[in-house]
Each structure stands twice: as C-alpha cells, then as structure tokens.
Amino acid sequence: MSVFSATSSRGRQGRTRAHLAPLVLGGVFAAGAVAVVAYLLWPTWGPVVGASAPDRLPVSVGGTLFNVPTAAIRMKIQRHSGPQERIDIDFLFPSLEVPGAPKHVTADAVEDATLQPIDRIFLSIAAHHDALAPELRVSTIYPRYLDQAATSPEDGLTMRMFRTETPYGSEDLFSATSPALTARCTRDAATPGMCLSERRVDGADLTFRFPRSWLSQWRDVAEAMERLAAQLRGPKG
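Procedures and definitions
Residues numbered from 1 in each chain as written. Predicted model: local features only at pLDDT ≥ 70, side-chain atom pairs only at ≥ 80, totals over all residues. Heavy atoms only, no water. Helix = DSSP H or I, 4+ residues; strand = E, 2+ residues; numbered from the N terminus. Buried < 20%, exposed > 50% of the residue type's maximum accessible area, 1.4 Å probe, protein only. Contact = heavy atoms within 4.5 Å. Phe/Tyr/Trp six-rings, centres within 6.5 Å; stacked < 30°, edge-to-face > 60°. Pairing = 2+ DSSP bridges. Axes fitted to C-alpha atoms, helices over the stretch in contact; angles between N-to-C directions. Disulfide = S-S within 2.5 Å. Arc of directions from axis to C-beta. Salt bridge = Lys/Arg side-chain N within 4 Å of Asp/Glu carboxyl O.

### Side note on the overall build of the protein
For the protein, the helix and strand inventory stands at 4 helices and 11 strands. The 237 residues of the protein split such that 34% are buried. Counting only contacts in the protein whose residues sit at least 6 apart along the sequence, the fraction spanning at least 24 positions is 53%.

Structure representation (structure tokens):
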C-alpha cells in the first residue's frame, strides 16, 4: 500500500510539472514579446542611433522618396530605410538642427521641466491615399465653418475664427501670401495653443506642428517649413 501511495504521489507531481512547464514558457515568451514591442515603440529624441547607423535614411512614403536624418526620427520602429506608411520627425527651431539627447529630469524637477517652452517643430509624413488635398480643404471645407470677420494680428498675417458650433469651434485659421502660410491653430487655454500646417508632396502629406506663440515670427516659421520640405526631398526630389 505504501509503495502504491508513493508511486501515485510521484505521478501526480510529474503531471503537475508537465502542466506548469508550458505556462512558465508561455509567460517567458510573452514577457519577451512585450519588452521588444515597448523598446521599438518608445519615442526617442536622442542623436545616438548606433555607431554603424547612417546619418540619413532613404524613406519612401506614399511612393514618394524622402532623405531623412536618422537621429530626427522620433520612434525606433521607424528608423529604417525603405517604404513606410508614416514617419514622425522633429527639428530644433529656428536652427532646424537635429535635437540633442533629452536632459535627465529628476522627480524634484518635473514641475519645472513641464514649464519649459517647446523649442522644436514637429513633422509627420504620411501616405494620403487620395484623401482630399490640404489646399482643397482650405478652399472648400473650412469656409463653411469660418466666421466672416477677419483680423490681422501680425503684419501680413490674417486670422479668421471658426464658429463655436462647428467641428473646429476652438480653433482659428491663419493665412498669409508672402511667404505663403496656412495654419489651423487651437486657442490658448489650460495648455498653450498649437498650430497645424499641411502640404501635399506627390503621394505624401506633410503635417507640421508648432506652438501658436511662434506666429509672432510667422515669416520665420513659414520659411523654416519650406526649407525642411526642400531638404527632405533632396536635390533629386
């Protein structure tokens, strides 16, 4: 009887280990997969992209070729050459240089760090898939929602408010002709207002984002966006 009990106990323990083994292995694989995905998707702004990484990457978005500074790409998963659906980059303003590594922020300095002004212009390049072009949206869609009154807060820059009951009710539309600029901007509230300016380049739409406060120097902003669009296409763009 004692021999039978010992044998049964060892059998149960063996079956328990056999059931636990797949669960343990599955947990290990799942943790590894989560770590890899988190590493690839975590945004980065530092210039260190590996000793062997090229300074610029040829990236095709919507069938349109762009020559992108590697260190300007904000997400690791986008740091490769070839076709991509979208790429997110940023540059210091007004120098348009690639941002340096972010400063280390301690817990005691978090509140002060949040008060630092934005010093860079953000750019997203995405395939448009024949969606309505930005200039057509400005000429055919926005006028339906704009207030008729217009003001000129800065020399040569015109502002029109979107009506409150419209989808853009908390925004204003800024425009200028020399140099050309069209930007839709949120109003300053609990957080500072931000502006969005779009343009189409062949199969891709370029969406620039910058603080509304920069409109005090709107000519510099317009020229910076034009320079970036030209630099990213390169001499053969």
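### Some points on the packing of aromatic side chains
For the coordinates displayed, the defined rule picks out 6 aromatic pairs. Pairing Phe93 with Trp214 gives two aromatic rings, centres 4.3 Å apart and planes at 20°, and the pair type is stacked. Taken together, the residues span a long stretch of sequence, with Phe93 in the loop between β4 (86–92) and α2 (110–114) and Trp214 in the loop between β11 (204–211) and α4 (218–233) at a distance of 121 residues. When sorted by exposure, Phe93 lands in the same class as Trp214, which is buried. On the basis of an interplanar angle of 45° and a centroid distance of 5.0 Å, the ring pair of Phe162 and Tyr168 is categorised as tilted. A relative accessible area of 16% means that Tyr168 is categorised as buried. Connected via pairs of aromatic rings, a cluster forms that spans Tyr142, Tyr145, Phe162 and Tyr168.

### Side note on the sheet that holds strand β5 (residues 120–127)
Overall, antiparallel pairing links the 8 strands, which are arranged β4-β5-β11-β10-β9-β8-β7-β6 in an open sheet. The open sheet has two free edges, formed respectively by β4 and β6 (146–154), since each of these has just one partner strand. Taking the axes of each pair of neighbouring strands and ignoring which way they run, one obtains an average angle of 25° across the sheet. In this sheet, β11 lies alongside β5 in antiparallel orientation, the contact comprising 6 bridges. Note that in β11 the partner of Ser124 across the bridge is Thr207. On the sheet, helix α3 (residues 134–141) packs against β9 (180–186), β10 (194–201) and β11 and is oriented at approximately 120° with respect to β10.

### Brief notes about the side chain of Thr207
For Thr207, the position within the fold is in strand β11. Judged by relative accessible area, Thr207 falls into the buried class, the value being 10%. Here Thr207 is in contact with Phe122, Leu123, Ser124, Leu196, Ser197 and Glu198, once residues within four sequence places are set aside.

### What to know about the state of the cysteines
Following the criterion strictly, the structure yields 1 disulfide and no others. The partner cysteine of Cys185 in its disulfide is Cys195, sulfur to sulfur 2.0 Å. Measuring the twist about the S-S bond at about 110°, one finds the Cys185-Cys195 disulfide to be right-handed. Within this pair, whereas Cys185 is found in strand β9, its partner Cys195 is found in strand β10, the two being separated by 10 residues in sequence.

### Here's the deal with α3
Within the sequence span of α3, burial applies to Pro134, Arg137 and Ile141. Buried residues in α3, looked at end-on, bunch into an arc of 70°, giving them a common side. Packed against the buried residues of α3 are β10 and β11.

### Some remarks on the pattern of salt bridges
Tallied over the entire structure, the rule returns 12 salt bridges. Residue Glu171 is joined to Arg184 by a salt bridge in which the shortest nitrogen-to-oxygen separation is 2.6 Å. A residue pair is termed long-range when its members are at least 10 positions apart, and Glu171 in strand β8 (residues 171–177) and Arg184 in strand β9 qualify at 13 residues. Across the pair, Arg184 and Glu171 agree in class, each one buried. Ionic pairing is found between Glu226 and Arg199, a salt bridge with its closest N-O pair at 2.9 Å. You can see Glu226 sitting in helix α4 and its partner Arg199 sitting in strand β10, a full 27 residues away along the chain. Judged by relative accessible area, Glu226 falls into the partly exposed class, the value being 47%. The network of salt bridges with shared partners includes Asp90, Asp119 and Arg120.

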